[in-house]
Amino acid sequence: MEKILVADDELYILDVCRRILGKKYDVTVVHSGLEAIQVAEEKHFDLLLTDIKMPGIDGLETAQEVKKIQPDIMCITMTGFSTMETAIKALRLGIDEFVIKPFAPEELTMAIDRAFEKERLRQENIRLKSLLPLFEFNKMLMTTTDTDTLLKKVSGLSISEVGADSVALYLVQPSGDFILHHHQFMTPNQLAIIEERGLEIAVRARDIPLYAEASTSDEPNVRRILHDLGVSSAMSAPIAGQSKLHGVLVLFKNNGGFSLSQQNFVGVMTGQVAAAYENARLFQDLQLAYDQLKSLDHLKSEFINVAAHELRTPLAILMGYASVASEEANPALREYMDAIVRNAGRLQRLIDDLLNMRNIESGEIQLEYRPIKLGPLIQRTIDDMAMLARKKNIRLTLDIPADIPSFFADPQRLELVLTNLLSNAIKFTPEAGDIRVSAGVNGQTVRISVEDTGIGIPQSEFSRIFDRFYQVESSLNRHHEGIGLGLSIVKGIVERCGGKIWVERSDVGKGTVFSFTMPLLSQPPEA
Ligand code: ADP
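Residues numbered from 1 in each chain as written. Predicted model: local features only at pLDDT ≥ 70, side-chain atom pairs only at ≥ 80, totals over all residues. Heavy atoms only, no water.

## Brief notes about the site of the ligand
Reasoning step 1: Near the ligand you find 21 residues, and of these Asn424, Lys427, Asp452, Gln471 and Leu487 are the closest.
Reasoning step 2: Between the ligand and Val472, the relevant distance is 3.1 Å, taken from an oxygen atom to a main-chain nitrogen or oxygen of the residue.
Reasoning step 3: Contact between the ligand and Ile483: an oxygen atom at 3.5 Å from a main-chain N or O atom of the residue.
Reasoning step 4: Coverage of the ligand by the protein amounts to 97% of the 530 Å² it exposes when considered alone.
Reasoning step 5: Elements with a minimum of two residues in the shell around the ligand: helix H12 (411-427), helix H13 (486-496) and strand S17 (511-519).
Reasoning step 6: Counting residues per element, the shell around the ligand draws most heavily on H12, which supplies 3 residues.
Reasoning step 7: For the shell around the ligand, the class distribution of residues is 11 nonpolar, 7 polar and 3 charged. (Near = heavy atom within 4 Å. Polar contact = N/O pair within 3.5 Å; in protein donor to acceptor, adjacent residues only side chain to side chain. Areas by Shrake-Rupley, 256 points an atom, 1.4 Å probe, with all protein chains shown as cover. Helix = DSSP H or I, 4+ residues; strand = E, 2+ residues; numbered from the N terminus. Nonpolar A, V, L, I, M, F, W, Y, C, P; charged D, E, K, R; others polar.)

## Brief notes about the pairing of strand S2 (residues 26-30)
Reasoning step 1: Taken across its 5 residues, S2 has 4 buried, putting it largely inside the fold.
Reasoning step 2: Looking at chain direction, strand S1 (residues 3-7) and S2 are connected through 5 bridges and run parallel. By the bridge assignment for S2, Lys3 is matched with Asp26.
Reasoning step 3: What joins S1 to S2 is helix H1 (residues 11-21), and the crossover it makes is right-handed. (Buried < 20%, exposed > 50% of the residue type's maximum accessible area, 1.4 Å probe, protein only. Pairing = 2+ DSSP bridges. Right-handed = clockwise from strand over helix to strand, strands pointing away.)

## Concerning the nonpolar core
Reasoning step 1: Formed by 46 residues in total, the largest nonpolar core has its most connected members in Leu374, Leu421, Ile448 and Phe516.
Reasoning step 2: Per-element accounting of this core gives the leading share, 7 residues, to H12.
Reasoning step 3: In this view, Leu374 contacts Ile400, Ile404, Phe407, Leu414, Ala439, Val446 and Ile448; residues no more than four positions away in its chain are not counted.
Reasoning step 4: Leu134, Ala164, Val266 and Val273 belong to the second largest nonpolar core, which has 26 residues in total. (Core = buried A, V, L, I, M, F, W, Y, C linked by side-chain atoms within 4.5 Å. Contact = heavy atoms within 4.5 Å.)

## A few points about the sheet that holds strand S12 (residues 395-399)
Reasoning step 1: Here we have 5 strands laid out as an open sheet, ordered S12-S14-S15-S17-S16, and mixed in their pairing. For this open sheet the edge positions go to S12 and strand S16 (501-507), each flanked by a neighbour on one side alone. Along the sheet, successive strands turn relative to each other by an average axial angle of 15°, direction set aside.
Reasoning step 2: In this fold H12 packs onto S12, strand S14 (434-442), strand S15 (445-452), S16 and S17, with an angle of close to 175° to the strand it touches most, S17.
Reasoning step 3: Against the sheet, H13 engages S16 and S17, with an angle of about 25° to S17. (Axes fitted to C-alpha atoms, helices over the stretch in contact; angles between N-to-C directions.)

## Brief notes about the domain arrangement of the protein chain
Reasoning step 1: Domain assignment breaks the protein chain into domain 1 (3-131), domain 2 (135-276) and domain 3 (370-519).
Reasoning step 2: Put simply, the middle of domain 1 and the middle of domain 2, counted by C-alpha atoms, are 38 Å apart. (Domains from an automatic or database assignment.)

## Regarding the pattern of salt bridges
Reasoning step 1: Under the definition given, this model contains 32 salt bridges.
Reasoning step 2: In this structure, Asp113 engages Lys24 in a salt bridge whose closest nitrogen and oxygen atoms are separated by 3.3 Å. Here Asp113 is found in helix H5 (residues 105-143), whereas its partner Lys24 is found in the loop between H1 and S2, with 89 residues between them in sequence.
Reasoning step 3: With a relative accessible area of 33%, Asp113 lands in the partly exposed category. (Salt bridge = Lys/Arg side-chain N within 4 Å of Asp/Glu carboxyl O.)

## Examining the packing of aromatic side chains
Reasoning step 1: Evaluation of the coordinates by the stated rule reveals 3 aromatic pairs.
Reasoning step 2: Taking the centre distance of 6.3 Å and the plane angle of 85° together, the rings of Phe466 and Phe514 count as edge-to-face. Residue Phe466 is found in the loop between S15 and H13, and its partner Phe514 is found in strand S17; the two are separated by 48 residues along the sequence. Of the two residues examined, Phe466 and Phe514, each falls in the buried class.
Reasoning step 3: In this structure, Lys253 packs its charged tip against the face of Phe258, placed 4.9 Å from the ring centre. (Phe/Tyr/Trp six-rings, centres within 6.5 Å; stacked < 30°, edge-to-face > 60°. Lys NZ or Arg CZ within 6 Å of the ring centre and 35° of its normal.)

Written out as structure tokens, the structure reads:
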């Protein structure tokens, strides 16, 4: 309930005011200006209603004195005769409203309501004004990912917007200990005190904000620290996230105290900082994890590179000698030697896959563009695979229009793509199946498809089969060789060449069609 102080030397007026206002407000009446000033020194009032003409101190002077004690109080004067002169004087003195005597009860209540409404609007205005720097601050918070910068900006805003003369900001360590993160505008003497005893103030604000004035604080310890620091007031606000206290902001003023709206401002500001601080910490952690992953990835890439190259040489020697030995061996031994050559070949393909994958991932793959004729290139690849197909009695056919123009592409990489798709088609097609390679031009791209009558791929797996090491059959019941790298290498190369690859269609038990595109380049692209 708002508190109203009424001053008038006429008892009758005091009685009327009490009756009219008493229902809605907490009313105190006094008989003179002097009494009004004395009461205002002891109790806080929201509004002073005073007669202008009073013996001793008059109403305008009373209002002036009371305002000195309570700057936010509203003042309404009552007067029997109102001249322009008194009206102007009253306005100059910050009087909010007039009531002319004699007044009807509604006139009085209306004047009081108007004054309170004015005050409400004034407060609202202050609140809105204080939102602007908060809004700007918020924008800055959203874009700051460095925690140190963020915390220092909080201190800066405390000084520019809240009028703090000095600032100390404490952070809470994982151990729960508080450490002084930074301070601003402290004299060496103040800093020495803060370093020794500042924690006392910070720790008190771990749960709720603390506000203390050197002259009125009822905590002797706090009062003593403020006194030694030579400041008149302090406020500490926790910087608390969802479930954790991150730090405490401590502000000092050398003269006067922090108004309620300044305290509210600090409360909102530290709340926002806490959220931004958590985001920034998360961002930093993520960045760290990302950097670690990157260096691990680099290590892995280097390991594959070195290991693959080191394996290649002994493998080549092994294959060479085994081939020669196989030719010279007797039939029984030849069978064994051939098995060695075959499996060494498998190893060789695995190593090639690993190296290709590594080169695609690290971006080290260099394309060598040459003018190519698609028909002969595909025919060559089919011829290379013919033996494999024949072993399973699979028919390999090519259906490609004769008028596809020559274009620029990397022939080796294109052959690698086709070889992978064809070897999958052969691998996943049962005995006596059919595989057909077709091509067609559409605008500036050529589309090449490999169609088989194999086991098919469930639709739910269409996108995942292009992932590294992904295989539809689980490793435990695999019937086919491979490590699940072929399609991801194919995708990497096709995309690097500026094309796309996808499963055109597939029916389990019936067959699959893979298609990919290549741009019909009339000249090599610029590096
Ligand atoms: P892998 O070396 O295991 O063949 P790929 O990356 O080439 O690895 O293929 C991934 C998986 O996609 C294969 O293990 C297989 O399950 C499926 N797949 C690829 N091509 C075909 C196809 N033509 N028919 C049926 N399944 C296929």
